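# Structure at a glance
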Amino acid sequence: MSGHPIIVWFTQDLRLSDNACLHAAVASGHPVLPVYILDDITPGEFAMGGASRWWLHQSLASLAASLQALGGRLIIRCGEAGSVLAQLVAETGAKAVYFSRGYAPWSGGLEKNIAAQCDAAGVECKRFSGFLLHEPEAIRTGSDGPYKVYTPFSRNCLSREISRQPRPAPGKVNFHTAEITGDTLDDLDLYAGNPDWAAGFSEHWSPGEVGAHQKLTHFLEQAVGDYDQARNLPDVPGTSRLSPHLHFGEISPLQCWAATSHAVATAGKNIDRGSHTFEKEILWREFSHHLLHYWPTLPTEPFKPEFADFPWLQDDEKLASWQKGQTGFPIVDAGMRELWTTGWMHNRVRMIVASFLIKNLRIPWQAGEHWFWDTLVDADIGANSASWQWVAGCGADAAPYFRIFNPVLQGEKFDRHAGYVRKWVPELAAMPDKFIHKPWQAPDDILRKARIKLGTTYPRPIVDLGQTRDAALAAYKTIRKPEVV
Ligand SMILES: Cc1cc2nc3c(=O)[nH]c(=O)nc-3n(C[C@H](O)[C@H](O)[C@H](O)COP(=O)(O)OP(=O)(O)OC[C@H]3O[C@@H](n4cnc5c(N)ncnc54)[C@H](O)[C@@H]3O)c2cc1C
C-alpha cells in the first residue's frame, strides 16, 4: 500500500505485542514505516553504555526479523532524534509520527521539540504509553504532590484496578513500501565483537521479544512460588531476570502483571505470596521512574541536598580494585565478576557491592552508578540512579546512611554454602564454608590446603571493615546536626 505513511518510531518499546503505538498505526489503515534511531547526542553523558549497546544490537536484530516476517523492514538511522525524524518526514511525506513516551530527564524536552516540529509541518504527532503501568502524573499524594516514599506509592498503585489487557501482536501490517535508505545494524557499531568481551553474555541472555516471554513463562512456572525467600539468595535462580527485557521494552510491565495474575488464578495459593512480592518489585521500578520524572537531577545530584557536602574520598586505585572484583572481600568480588561476565548482578549483591563502594571505600555513589551504567545490560536511568541513591542514604525513602552492610556477614547469611562465591571467585573454591567469606582469618594450614596464597592467588582485603565503617559514620556526622544522628 502506498500513500502517506505513519512513522512508528520505536524507542524503548522494542516489541510488536502490547505496543499501543504500533497498534494505533496499524488500526489507522495508513501504511506503517517502522523506524529506530540511535541517538547518542541527546542523552549527553548518559549515552548508552557498552553492555546496553551489546543488548541493543541483538534486540534490534530480533525486532527487525519480526517485522520482516510480517513483510516489513525496520529503517535504522543515527543522529539527533528530532532531526532524523524531520528528515524522514521530508523524504517520505509522512502524515504522522507515533512513538512511545520516554521518562529520562531529556525525554520531555525532546518529545516537545518533535511535537512542535510536526505541528509546524502539519504532521500529526502522537505519544503513547506502555513503559510503565501507571503514568507518573496519575499517581499523586493526598495533597496532590509526587510521592517520596515507596509504601504509600505502592499502596496507591495497588488500589487501582488494572482492567487493560495486553494486546497481541498484529497479525498483518500494511507497510510503507517505497525504498527508504537506512543504516545496517553493523553501521551502528554497537558491538564490534573484536575482542569479544561480551562472549559470556550470549550464554546467559536471549535479547528480544521471544526471549523475554520465555523468561517470564519460566519464572512463573518454576520460581515465583519461592520468590519471597529465594530472591535474596544469589546462588539460586530465584528471580525473573526480566530487567533488561523490561528496560528495552521487549516485554511490557502490563504483560508481566497480567501473566502473573493469570498464574495466580490458575495455581492459586501456592504462588500467592511470591507473586505479590514480585508485583511489588515491579512497583519499585514504577517508583524509580516516578521519582526520576519529578526529580530529573536524580542521576547526578543527591536527592537529599545535605549530601552535597559529604566528604567523599577520591581513590582511583581502590575504585579499580572494586571494578575488577579484586577487593579481597569474596562476596563483593563475586558480584563484580558476575557483572563483568554476564552484564547482570543479583539484587542482593548489588546492594552489598554498592554499600562497600560508598561506605567502606567512601567513593561517591556516582562513580558506582557510572560503572553500572557501562556494564549492566539492564542499565536503566531510573532504577540505577534511584537504587544508588537508596544505598547511599541520600535518596528518597533511602536506607539510612548508618546502615552499613558487612560483606562478610552478608555473604554468610545469603550465600551460606558459598555456591555463589565459588562460582565467580574460583580461586577460593577449595576453601571450607567457615572461612570462605573471610579468607584472611583462615589459619595457614587451611589456606595451604585450599591452595590459597593471600596477596598472590587472591588479594588481601583492601580496607579494614571496622575502621572504614567508623570513618564513614564520622564523615556522615559532619553533614548532619548531632540531634538528627
Ligand atoms: C546499586 C543498584 C543498582 C541498580 N541498577 C539497576 C538498573 O540499572 N536497572 C534495573 O532494572 N534495576 C537496577 N537495580 C534494581 C535490581 O537490582 C534489578 O532490577 C534486579 O536485580 C533485576 O533482576 P530481576 O529482573 O531478576 O529482578 P526481579 O527480582 O525478578 O524483579 C522483577 C523486576 O522488578 C524490577 N525491580 C526489581 N527490583 C527493583 C529495584 N530495586 N528498583 C527498581 N526496579 C526493580 C525490575 O524491572 C525487575 O526486572 C539496581 C539495584 C541496586 C541496588
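Model, not experiment: these values are computed from the prediction.

### Topic: the overall build of the chain
Looking only at helices and strands, the chain has 21 helices and five strands in total. Every one of the 485 residues in the chain was classed for burial, and the buried ones make up 54%. Counting 47 positive and 53 negative side-chain charges, the chain places the averaged centre of each group 7 Å from the other.

### A look at the domain arrangement of the chain
Structurally, the chain comprises domain 1 (6-130), domain 2 (132-164 + 211-294) and domain 3 (305-477). Just the C-alpha atoms count here: the centres of domain 2 and domain 3 sit 27 Å apart. Carbon and sulfur atoms make up 59% of the area that domain 2 and domain 3 hide from each other, which totals about 1,700 Å². A per-residue breakdown of the area domain 2 buries against domain 3 is headed by N232, P234 and H247, which together make up 30% of the total. At the surface where domain 2 touches domain 3, the tally comes to zero salt bridges. Where domain 2 packs against domain 3, one counts nine residue pairs in polar contact (both at pLDDT 80 or more). Sorting the residues of the side of domain 2 that touches domain 3 by element identifies α5 (150-158), α9 (243-247) and α11 (272-294) as the ones contributing at least two each. In terms of residue count, α11 provides more of the side of domain 2 that touches domain 3 than any other element does, six residues in total. Looking at the side of domain 2 that touches domain 3 residue by residue, the class counts come to eleven nonpolar, seven polar and four charged.

### Considerations on the sheet that holds strand β5 (residues 124-128)
Taken together, five strands build an open sheet; the order of strands is β3-β2-β1-β4-β5 and the sheet is parallel. Only two strands of the sheet have a single partner each, and these edge strands are β3 (75-78) and β5. Pairwise comparison of adjacent strand axes, ignoring direction, gives a mean angle of 25° for this sheet. Taken together, the four bridges between strand β1 (residues 6-10) and strand β4 (residues 96-100) define a ladder with parallel strand orientation. Residue I7 lies in a different strand from β4, and its bridge partner there is V97. Helix α3 (residues 81-92) contacts β1, β2 (32-38), β3 and β4 of the sheet and is inclined by roughly 155° relative to β1. Relative to β5, helix α4 (residues 107-121) is tilted by about 155°, and along the sheet it contacts β1, β4 and β5.

### A closer look at the site of the ligand
The environment of the ligand is formed by 27 residues, the closest being Y227, T239, S240, R241 and N347. Within the side chain of E281, a nitrogen or oxygen atom sits 3.0 Å from a nitrogen atom of the ligand. Here W344 contributes a side-chain N or O atom positioned 3.4 Å from an oxygen atom of the ligand. Protein burial of the ligand: of its 820 Å² of free accessible surface, 94% is covered by the chains. Listed by contribution, the elements that provide at least two residues to the shell around the ligand are α9, α11, α14 (347-360) and α16 (381-392). In terms of residues, the shell around the ligand owes the most to one element, α11, which gives six residues. Looking at the shell around the ligand residue by residue, the classes come out as 14 nonpolar, seven polar and six charged. Shared between two domains, the shell around the ligand takes at least three residues from each, and those domains are domain 2 (132-164 + 211-294) and domain 3 (305-477).

### A word on the state of the cysteines
The final tally for this structure, using the stated rule, is zero disulfides. For C256, which is in no disulfide, the shortest distance to another cysteine sulfur is to C157 and amounts to 15 Å. What makes C256 buried here is its relative accessible area of 0%.

### What to know about unusual backbone geometry
Located in the positive-phi region is D18, a residue other than glycine, with phi close to 45°. Phi is positive for D397, which is not a glycine, with a value near 50°. Mapped onto the elements, D397 comes out in the loop between α16 and α17 (407-414). The class for D397 is partly exposed, based on a relative accessible area of 30%.

### Regarding the pairing of β5
Remark: a regular strand shows side chains that alternate across the two faces of the sheet. Note: β4 against β5, five bridges, orientation parallel. From the neighbouring strand, V97 faces β5, where its bridge partner is C125. Between the parallel pair β4 and β5, the chain is carried across by α4, and the sense of this crossover is right-handed.

### Comments concerning the pairing of β2
Of all seven residues that make up β2, seven are buried, and the element is covered over most of its length. Side-chain alternation along β2 places V32, P34, Y36 and L38 on one buried face and L33, V35 and I37 on a second face that is also buried. Note that the unit made of β1, helix α1 (residues 20-28) and β2 has a crossover that is right-handed. The sheet contact formed by β2 and β3 spans four bridges and is parallel. Within the sheet, the bridge partner assigned to I37 lies in β3 and is R77. Handedness of the crossover is the feature at issue here: the chain leaves β2, passes through helix α2 (residues 50-69), returns alongside β3, and the resulting connection is right-handed.

### Some remarks on the packing of aromatic side chains
Tallying each qualifying case throughout the model produces 34 aromatic pairs. The rings of W54, W55, Y191, W197, F201, W205, F248 and W344 are connected pair by pair, giving a single aromatic cluster. The ring of F131 has R285 sitting right over it, with the charged end atom 4.4 Å from the ring centre. Against the face of Y401 rests K359, its NZ or CZ located 4.9 Å from the ring centre.

Quick notes on the rules
- Residues numbered from 1 in each chain as written.
- Predicted model: local features only at pLDDT ≥ 70, side-chain atom pairs only at ≥ 80, totals over all residues.
- Heavy atoms only, no water.
- Helix = DSSP H or I, 4+ residues; strand = E, 2+ residues; numbered from the N terminus.
- Buried < 20%, exposed > 50% of the residue type's maximum accessible area, 1.4 Å probe, protein only.
- Lys, Arg positive; Asp, Glu negative; His and termini not counted.
- Charge placed at Lys NZ, Arg CZ, Asp CG, Glu CD.
- Domains from an automatic or database assignment.
- Buried area = accessible area lost by both parts, 1.4 Å probe.
- Salt bridge = Lys/Arg side-chain N within 4 Å of Asp/Glu carboxyl O.
- Polar contact = N/O pair within 3.5 Å; in protein donor to acceptor, adjacent residues only side chain to side chain.
- Nonpolar A, V, L, I, M, F, W, Y, C, P; charged D, E, K, R; others polar.
- Pairing = 2+ DSSP bridges.
- Axes fitted to C-alpha atoms, helices over the stretch in contact; angles between N-to-C directions.
- Contact = heavy atoms within 4.5 Å.
- Near = heavy atom within 4 Å.
- Areas by Shrake-Rupley, 256 points an atom, 1.4 Å probe, with all protein chains shown as cover.
- Disulfide = S-S within 2.5 Å.
- Right-handed = clockwise from strand over helix to strand, strands pointing away.
- Phe/Tyr/Trp six-rings, centres within 6.5 Å; stacked < 30°, edge-to-face > 60°.
- Lys NZ or Arg CZ within 6 Å of the ring centre and 35° of its normal.

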